[in-house]
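# Structural description and commentary
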Amino acid sequence: MRNVAVLHKTGKILFSRNYQGDPLERNVMIGFASSIPNLTRTLLHEDVHQVMGLRTRIVLKPSGDYLFLAHVDNSVPSIVAANVLTELIRALQLLYGHPETWTHDNVDFDGCQDMIEMMCTRGMFDPCVALCGLQKTPIKHESRLRLDKLLVYLESIQGICNNASMLLVGDTVILSRFELEPSRQLLYLHKARPLGTQVLAFTPVFMTTSWFGLLRIQLATYTLLVLCHLDRALPQTTPGTTPATAPAGGSGEAPETLATAGATATPLAALLAKVTEFQSMFLYARLELPSEEKPALLRQFAKRETLLFLHLHVKTGTVTFPQPRPLPEVQTRELYSTFWALFGEAKAAFHVPGTREVTFAREAYRFHARVDPDQELYVLFAADAVALEQIHGHVQEILVNMQRQH
């Protein structure tokens, strides 16, 4: 990402950041963002989504009365830049409501620059953003069932919403009872605003059509996200208390910390007392869950001929992008650069009706991509190790190993 900006339809720049290279001239940006879309609507009767130069391109994403602009190198696939803007808008919707309701009075883009910074830096290299999915940690079926029952019990507490809880380890989902899109929105919030040393945080969030209260609670090495009805979670405080962010404490001190986080007579305090009960149940349940975020390794799924692959399980939204085998840093950067460039070409090819499978042959690489109703797969092979007629066998091996994961 070179530059990102948010403009109002009147041409006013509401937010702009430069990350690399020269910043865009503000006057030119205002003129470009207002004149180009109007020109294409008049001449072509359609909206413009990107404008390409010799070395860079500008990707545009309108939302309500606002225009989001990303300035990237041509080496960045347009689908990746467009998805970063799309997911950024969805993440901001979580904080400010539907874009159709945004006004100068209720939206401050400088106040959410942590979210914008995260999406425009980490999001550019995030396969979950590229495929609109989630990174999940595999756990045993029995552990999943027991954890799900615990979360169902938590959601049965008065004031907590049904199907509205999620457990994380690091930035990876262990189990989410939200739908896929809300899960992604909440994960973006968690990445942009990690708890750090806090054990509790309260945030009003907009989900689908209504406002709710989001509680994020540190449970040992895990983070629990719980959606509450807003009238049951409004943080009414007494002098000297701060229910939105409780002081830090060890895992053994967490129940006492949560119980005293707000005024004792408020709905939030009563809700926290119930959550404290769940916390004790969770810690003593001795579930076989990973205590830290562990990356997937390429050798778990494919032989050495496979250099990189990216897999999406469509139904669950699970994205798998294993770490490549150890290589010198220069070669690793070249691998990723080549992979994302060919990923962009494959995505463009899939826009042609009826295209579901493509293979590209390059001097040093072979790239294969396929899209099925249940899954998507993108694989980069070494050209000197895999002939074109051998690609199908390697792809099937990866799919079989992925099926075992699910």
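Before reading further, recall that the structure is shown in the block above.
Attention in this report is confined to the structure presented alongside it. Just so we're clear, the structure is a prediction, and the values are computed from it rather than from any experiment.

On to empty space enclosed by the protein. Counted according to the given criterion, the structure contains one cavity of 30 Å³ or more. Put simply, the largest cavity is a space of about 30 Å³. Asp126, Cys128, Gly133, Leu134, Arg184, Leu187, Tyr188 and Lys191 together form the lining of the largest cavity. Element by element, the count of residues in the lining of the largest cavity is highest for helix α6 (residues 180-192), at four residues. Across the lining of the largest cavity, the residue classes tally to four nonpolar, one polar and three charged.

Our next topic: the pairing of strand β15 (residues 375-382). In terms of residue burial, β15 counts as a mostly covered element, since eight of its eight residues are buried. Covered by surrounding structure in β15 are Gln375, Leu377, Val379 and Phe381 together with Glu376, Tyr378, Leu380 and Ala382, the residues of both alternating faces. Summarising the sheet, strand β11 (residues 306-313) and β15 pair through seven bridges and their orientation is antiparallel. In the sheet register, Leu308 faces β15, and the bridge partner there is Leu380. With seven bridges joining them, strand β14 (residues 365-371) and β15 adopt antiparallel strand pairing. Residue Tyr365 lies in a different strand from β15, and its bridge partner there is Ala382. With antiparallel pairing between neighbouring strands as the criterion, β14 and β15 make up a hairpin whose turn holds three residues.

For the rest of this paragraph, the subject is the pattern of salt bridges. Here the structure, examined in full by the defined rule, presents 17 salt bridges. Taking the shortest distance from any N to any O, the salt bridge between Asp114 and Arg193 comes out at 2.7 Å. Residue Asp114 is found in helix α3 (residues 113-121), and its partner Arg193 is found in the loop between α6 and β8 (200-207); the two are separated by 79 residues along the sequence. On the basis of relative accessibility, which here comes to 26%, the residue Asp114 falls in the partly exposed class. Ionic pairing is found between Glu155 and Arg177, a salt bridge with its closest N-O pair at 2.8 Å. Here Glu155, found in helix α5 (residues 141-155), pairs with Arg177, found in the loop between β7 (172-176) and α6; they are 22 residues apart in sequence, far enough to count as distant.

This part takes up the packing of aromatic side chains. Here the distance between the centres and the angle between the planes together describe a pair of aromatic rings. Evaluation of the coordinates by the stated rule reveals 17 aromatic pairs. Between Phe321 and Tyr336, the ring centres sit 6.0 Å apart and the planes meet at 65°, which makes this aromatic pair edge-to-face. Remark: Tyr336 occurs in helix α10 (residues 329-349) and Phe321 occurs in the loop between β12 (318-320) and α10; sequence separation between them is 15 residues. Since its relative accessible area comes to 19%, Phe321 is described here as buried. Owing to a relative accessible area of 27%, Tyr336 belongs among the partly exposed residues under this scheme. Here Phe321 and Phe339 contribute two aromatic rings whose centre-to-centre distance is 5.5 Å and whose plane-to-plane angle is 40°, an arrangement assigned as tilted. Of the two residues, Phe321 sits in the loop between β12 and α10 while Phe339 sits in helix α10, which places them 18 residues apart along the sequence. Classification of Phe339 by relative accessible area gives buried; the value is 0%. Taken together, the ring pairs in this structure connect Phe321, Tyr336, Phe339, Trp340, Phe343, Phe360, Phe367 and Tyr378 into an aromatic cluster.

Okay, the nonpolar core next. Counting 77 residues, the largest nonpolar core has Phe68, Phe109, Met115, Phe339, Phe343, Phe367 and Tyr378 as its most contacted members. The greatest single-element share of this core, amounting to 11 residues, is contributed by helix α2 (residues 78-96). Setting aside residues no more than four positions away along its own chain, Met115 makes contact with Leu88, Ala91, Leu92, Leu95, Tyr188, Leu189 and Ala192. Within the second largest apolar cluster, 30 residues are counted, among which are Ile174, Val199, Phe202 and Val226.

Glancing now at the sheet that holds β14. The strand order β12-β11-β15-β14-β13 describes an open sheet built from five strands, whose pairing is antiparallel. In this open sheet, the two edge strands, each paired with only one partner strand, are β12 and β13 (357-361). Each neighbouring strand pair of the sheet contributes to a mean axis angle of 5°, computed without reference to strand direction. Of the strands in this sheet, β11, β13, β14 and β15 touch α10, which is tilted by about 135° from β15.

Quick look at unusual backbone geometry now. The residue Cys132 is not glycine, and still its phi comes out positive at about 55°. Within the element layout of this structure, Cys132 appears in the loop between α4 (127-131) and α5. The exposure class of Cys132 is partly exposed, given its relative accessible area of 23%. A positive phi angle, near 55°, is found at Ala220, a position not held by glycine. Here Ala220 is to be found in the loop between β9 (210-219) and β10 (222-229). Taking the relative accessible area as the measure of exposure, Ala220 reaches 37% and is therefore partly exposed.

Rules behind the numbers
- Residues numbered from 1 in each chain as written.
- Predicted model: local features only at pLDDT ≥ 70, side-chain atom pairs only at ≥ 80, totals over all residues.
- Heavy atoms only, no water.
- 1 Å grid on protein atoms, 1.4 Å probe; cavity = no way out; pocket = protein on both sides within 12 Å on 5 of 7 lines; lining within 4 Å.
- Points joined across faces, edges and corners; volume = space filled by probe spheres on them.
- Helix = DSSP H or I, 4+ residues; strand = E, 2+ residues; numbered from the N terminus.
- Nonpolar A, V, L, I, M, F, W, Y, C, P; charged D, E, K, R; others polar.
- Buried < 20%, exposed > 50% of the residue type's maximum accessible area, 1.4 Å probe, protein only.
- Pairing = 2+ DSSP bridges.
- Salt bridge = Lys/Arg side-chain N within 4 Å of Asp/Glu carboxyl O.
- Phe/Tyr/Trp six-rings, centres within 6.5 Å; stacked < 30°, edge-to-face > 60°.
- Core = buried A, V, L, I, M, F, W, Y, C linked by side-chain atoms within 4.5 Å.
- Contact = heavy atoms within 4.5 Å.
- Axes fitted to C-alpha atoms, helices over the stretch in contact; angles between N-to-C directions.

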